[in-house]
Structure formats: structure tokens, C-alpha cells
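Next come the chains, spelled out residue by residue.
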Amino acid sequence: MPTPQTDDCTSPPALRRRPTQRRSARRVQRMLDACAALLDEIGYEALSTTRIAERAGVAIGSIYQFFPDKRAITQELTRRNVEQFVSRVGHRFIEEDYRGWWEAVDAIIDEYVDMHRTVPGFKSLHFGDVVDLNLLDSDSDNNTVIAGRLRGLLLKEFGLADSHELDVAMLVAVEAGDAVLKLAFRRSPDGEPEIIEAAKQLIRGFLSRQLRAWSPRPA
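These remarks concern the structure in this document.

Calculation notes
- Residues numbered from 1 in each chain as written.
- Predicted model: local features only at pLDDT ≥ 70, side-chain atom pairs only at ≥ 80, totals over all residues.
- Heavy atoms only, no water.
- Axes fitted to C-alpha atoms, helices over the stretch in contact; angles between N-to-C directions.
- Helix = DSSP H or I, 4+ residues; strand = E, 2+ residues; numbered from the N terminus.
- Parallel < 35°, antiparallel > 145°, perpendicular 65-115°, else oblique.
- Contact = heavy atoms within 4.5 Å.
- Phe/Tyr/Trp six-rings, centres within 6.5 Å; stacked < 30°, edge-to-face > 60°.
- Buried < 20%, exposed > 50% of the residue type's maximum accessible area, 1.4 Å probe, protein only.
- Lys NZ or Arg CZ within 6 Å of the ring centre and 35° of its normal.
- Salt bridge = Lys/Arg side-chain N within 4 Å of Asp/Glu carboxyl O.
- Core = buried A, V, L, I, M, F, W, Y, C linked by side-chain atoms within 4.5 Å.
- 1 Å grid on protein atoms, 1.4 Å probe; cavity = no way out; pocket = protein on both sides within 12 Å on 5 of 7 lines; lining within 4 Å.
- Points joined across faces, edges and corners; volume = space filled by probe spheres on them.
- Nonpolar A, V, L, I, M, F, W, Y, C, P; charged D, E, K, R; others polar.

Focus on the packing of helix H8 (residues 164-187) against helix H9 (residues 193-211)
- Running from amino to carboxyl end, H8 crosses H9 at an angle of 170 degrees, the nearest separation of the two axes being 9 Å. Classed by the angle they form, the pair H8 and H9 counts as roughly antiparallel. The segment H8 lies against H9, with Leu166, Ala169, Val172, Ala173, Ala176, Gly177, Val180, Leu181, Leu183, Ala184 and Arg187 engaging Ile195, Ile196, Ala199, Leu202, Ile203, Phe206, Leu207, Gln210 and Leu211.

Here it is in C-alpha cells:
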């Protein structure tokens, strides 16, 4: 299994072309918003470009001007979710003071839970696994890409020693946390609090064992 070596989502863009005018950019965002809402209402199998166009209030030709099919729209929505998630976590890192990486991990989980509760399409899509495991990067599964992005934030914020072991530890933590948090939301629409807390304890415990012998990079 590949380990995260980059903080970027490197797969080819889902969009046929990037909108260059503000009006076109807003139209694309309406398409993504419509896709997100429909995913929550009817699921991916029943999703279609026609339904997305109707919900977004655009002509079907406008859809195909930017996207070849519903998978490409879902892929672009996944990218938007990832960027929003990483941006929100990074914003919290700037605004809040943490005693250590373990409190930062709690903040990451809190953002995941809040997006699951409040962001349309997120609970249906997560980071693309409703469609396939390689929406973000054709060579790496989605959680590998997410682990790389979060690893970059932790390296920057806490000066952990960069290593292959850290790559593996972050990937395992993301995979384990993702599975347990999905369980929390299967048990309750808002996420069962006890299982969310268990996910935090699981990840903190695992990473503390992995990071115990690692020292920060020298200043």
C-alpha cells in the first residue's frame, strides 16, 4: 500500500475546464451544491446529470460544458470537501493554542464530526468512498491522500521528525478513525458521542505509542 509522500491531491482535474468568469464559477458551485444535496437525498446510484442540472437551475449543456459525467462532478465535490476540511483544521491551528499534537488530533476529529453534521453531501461522500477509493489520486486511495495532508499540518505545527514511520502512523490513524467515526454516524444521525470519544481515545493512544520515541526537529 502506498504511503503519503505529498501534501497535494495530484490526480488529473475532474473539470473539463476551469471557469474563468465569476458567473461561470458561481454556476459550477451551484452544480456542486446540487450534487451534494442530491447525494444526501437519493444516493449516488440514483444521481444523474439531468437531476443535478434541474436542482442547480442550469441547462444540461452547462453541466457537460464543465463535467463529462456524474462521477466527475462527485470527484470535484470530493476535492472541495477535502480543501474545506483541511482549511478548517488549519484555521483552528492558527486561532487555538494546543498543549501538544494530541489536542490537535482532537480538533481534527471535531472538524470531521462538525462537517459530517452540517455540510451537505459530506455524510454521503466522506472523501469519495461512495464512488471508489481513488477519486483524489489515481495512484493512492483517498485516505492515503488525506493522511498526507494532515501529516503536513502536524509537521508544520509541532515540528515532528519527518520519517517513513510517521507516514505509516498517520495513515493507520486516519484509516482507524474513519472506520470508527463512520460507525458513530451509523448508530446516530448526529454521531453517537460515546463512539466519537472512543475514536479520539483510539487515535491518541495509537499515535502516542508511535510518537513516544520521536523528538521534534531541531530549530
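What to know about the packing of aromatic side chains
- Across all of its chains, the model carries four aromatic pairs by this definition.
- Centre to centre, the rings of Phe85 and Tyr112 are 6.4 Å apart; their planes meet at 85 degrees, and the pair counts as edge-to-face. With a gap of 27 residues between them, Phe85 in helix H4 (residues 70-95) and Tyr112 in helix H5 (residues 101-118) connect regions that are remote in the sequence. Take Phe85 and Tyr112: they sit in the same class, and that class is buried.
- The rings of Phe85, Tyr112 and Phe122 are connected pair by pair, giving a single aromatic cluster.
- Over the aromatic face of Tyr44 sits the side chain of Lys70, whose NZ or CZ is 4.3 Å from the ring centroid.

Some points on the pattern of salt bridges
- Applying the stated criterion to the full structure yields 14 salt bridges.
- One salt bridge in this structure joins Arg204 and Asp106, with 2.6 Å as the shortest N-O distance. A residue pair is termed long-range when its members are at least 10 positions apart, and Arg204 in helix H9 and Asp106 in helix H5 qualify at 98 residues.
- Residue classification places Asp106 among the buried positions, given a relative accessible area of 18%.
- Connected through salt bridges with shared partners, the residues Arg88, Arg92, Glu96, Glu111 and Asp114 form a single ionic network.

Overview of the nonpolar core
- If you look at the biggest cluster of nonpolar residues, it comprises 40 residues, and the most contacted ones within it are Phe85, Phe93, Leu150 and Leu207.
- Elements represented by at least two residues in this core include exactly H4, H5, helix H7 (142-158), H8 and H9.

A few points about empty space enclosed by the protein
- On inspection of all chains with the given rule, the structure shows one cavity of 30 Å³ or more.
- Its boundaries defined by the atoms lining it, the largest cavity holds a volume of some 230 Å³.
- Listing elements by their share of the lining of the largest cavity, those giving two or more residues are H5, H7, H8 and H9.
- Per-element accounting of the lining of the largest cavity gives the leading share, six residues, to H8.
- Along the lines of polarity and charge, the residues of the lining of the largest cavity split into 15 nonpolar, two polar and one charged.

By themselves, these are just geometric observations and shouldn't be taken as functional.
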